[in-house]
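# Inside the fold
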Amino acid sequence: MGKLTTIFKDTAIYGLSSIIGRFLNYLLVPLYTAQLSAASGGYGVITNIYAYTALVMVLLTFGMETTYFRFTNKTHTDSQTVYSTTLISVGSISLLFAALVLLFLSPLSQVMGYGDHPEYVGVMAVTVAIDAFLCIPFAHLRQQKKAMKFAALKLLNIIVSILLNVIYFAWLDGKDVGYAFYINLFCTVMLAVCLITEYTGFRWRLDTQLLRTMLSYSWPILVLGIAGILNQTADKMLFPYIYKGEDMQAQLGIYGACSKIAMIMAMITQAFRFAYEPIVFAGVKDKDSHEMYAKAMKYFIIFTLLAFLMVVGYMDILKYIIGRDYWTGLRVVPIVMAAEIMMGVYFNLSFWYKLIDKTIWGAIFSGIGCAVLLAVNVIFVPKYGFMACAWGGFAGYGVAMLISYVVGQKYYPIDYPLKEIALYVCLTIVAFAVMAVVRDSQSLWVSLAVNTLFILLFVGVIIKRDLPLEPLLKKLKIKHE
């Protein structure tokens, strides 16, 4: 019981800090879109370069975070040697990456479309190299059960970043998008200084035999990570190469900004993951574990569908978090949110192959989903622009989700309540359709009133069917009629 209590406590700290951090970071979107007009393409630059950094981060860490956790807990290995070997390997690869980028900065910047501003590429290369190295000290904090220090440093990084961005873009009325990258570098260096005790005070030692064993474990994780991150970022990286319009950066910025509204769903999914993942692995041997997985899936879908309706229903209010000249891209929000829901379902389905130690299936499913996404983008972006990016994500996650379900039912069958889930999906589709019709034909206040009514009806169905109040009120000893 003590271990389970610790798991829940640490999960709450990590989860809350991550969600708060993502929310605070989310506040940069209205700041950037207010100061950098869509036509300037400034936010398109941010969207594109951060997509590259997300992929590079996966490559530079090459699955060693998870590998470190696995090997440091093995009885026949010395945890300090594992930590030191992990630090040296990730640090060496990161240093080599930064050096190569700086050495070939000019031609690389030209290929990426930033020949006039190679400093953007150089600064972010150094930043992501340091970030990749710092992933291991942060993993060490988690391993040492230093959850509060982990959370405090993550939040400090984001708070300082927001303050510096506000000072430059709002107070000083700055317009140079490069300062977003300079601020990021400053905050990363600050974190490196704060973590200095996590990589000093002990003898650094590279165990080559241990490293070979660790690499044999980490490569499937790397493949899975690459496929996963490409599903999230490939459209933003490919867009400058396959969209031929002169307003390419402006269109990419509009898509990136509007997609951020849909990231509310990603926050919900991440919160669910932090709370759910430890419980799944802790309860794998329980007799009722299959029933718990089925119920968890149902409630995840129910509440993400409710979040979908709330975002769509109040879009006319939420749209003010981005600049007015970005509103032409708001039509991607429902599509991206639906894709995020399917990604969350895919994550829940992924436990079957993790529980039977067949993680190669995850790489296969994610790879197929990524191939679908890339195909949709390459074929349709030249004609339909960023709308094809949104539908590409929808198609990619949808295919990965369906294949994972079909194969999973063969190897690790779970009796999911498909009829109950289908009911909520159908209710959501009907409500969404009515909201769309009313929004196009009625005034703002009428539209908001109708949308609120449908959201309340959806909540009513949840309470009636799956969250009955009577048992809860009895438990709370509240008398009611």
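Structure: see above.
Analysis parameters
Residues numbered from 1 in each chain as written. Predicted model: local features only at pLDDT ≥ 70, side-chain atom pairs only at ≥ 80, totals over all residues. Heavy atoms only, no water. Helix = DSSP H or I, 4+ residues; strand = E, 2+ residues; numbered from the N terminus. Buried < 20%, exposed > 50% of the residue type's maximum accessible area, 1.4 Å probe, protein only. Contact = heavy atoms within 4.5 Å. Areas by Shrake-Rupley, 256 points an atom, 1.4 Å probe, with all protein chains shown as cover. Axes fitted to C-alpha atoms, helices over the stretch in contact; angles between N-to-C directions. Parallel < 35°, antiparallel > 145°, perpendicular 65-115°, else oblique. Left-handed = near helix turned anticlockwise from the far one by under 90°. Nonpolar A, V, L, I, M, F, W, Y, C, P; charged D, E, K, R; others polar.

## What to know about the overall build of the chain
Of the regular secondary structure elements, the chain holds 20 helices and 0 strands. Residues counted as buried form 50% of the 481 residues belonging to the chain. Summarising the internal contacts of the chain: among those between residues at least 6 apart in sequence, 81% fall at separations of at least 24. Total accessible area on the chain stands at roughly 23,400 Å², and carbon and sulfur atoms take up 68% of it.

## Quick notes on the packing of helix α2 (residues 28–35) against helix α8 (residues 147–171)
Where α2 meets α8, the axes come as close as 11 Å, and the angle between the chain directions of the two elements is 15°. Relative to α8, the element α2 lies roughly parallel. For the pair α2 and α8, the crossing hand works out as left-handed. Packed against α2, whose contacting residues are Leu28, Leu31, Tyr32 and Gln35, the element α8 presents Ser161, Ile162, Asn165, Val166, Phe169 and Ala170 at the interface. Across the contact of α2 with α8, the residue classes break down as 7 nonpolar, 3 polar and no charged.

## Regarding the environment of Ile221
Relative to the elements of secondary structure, Ile221 occurs in helix α10 (residues 208–242). We classify Ile221 as partly exposed; its relative accessible area is 24%. Separated by 155 residues in the primary sequence, Ile221 and Thr66 place their C-alpha atoms 8.0 Å from one another. Beyond its immediate chain neighbours, meaning those up to four positions away, Ile221 contacts Gly63, Thr66 and Thr67.

## Describing unusual backbone geometry
Here Phe62, not a glycine, exhibits a phi torsion of approximately 35°, which is positive. Here Phe62 is to be found in the loop between α3 (42–61) and α4 (64–72).

## A few points about the packing of α8 against helix α9 (residues 178–194)
Where α8 meets α9, the axes come as close as 10 Å, and the angle between the chain directions of the two elements is 150°. Taken together, the axis directions place α8 and α9 in an arrangement best described as roughly antiparallel. The two elements α8 and α9 cross, and the hand of that crossing is right-handed. Facing α8, whose interface residues are Leu153, Leu156, Asn157, Val160, Ser161, Leu164, Asn165, Tyr168 and Phe169, α9 presents Tyr179, Ala180, Ile183, Phe186, Cys187, Thr188, Met190, Leu191 and Cys194. In terms of residue class, the contact of α8 with α9 is built from 14 nonpolar, 4 polar and no charged.

## Re the environment of Leu318
By the secondary structure assignment, Leu318 is in helix α13 (residues 315–318). Between the C-alpha atom of Leu318 and that of Ile261, which follows or precedes it by 57 residues, the distance is 7.8 Å.

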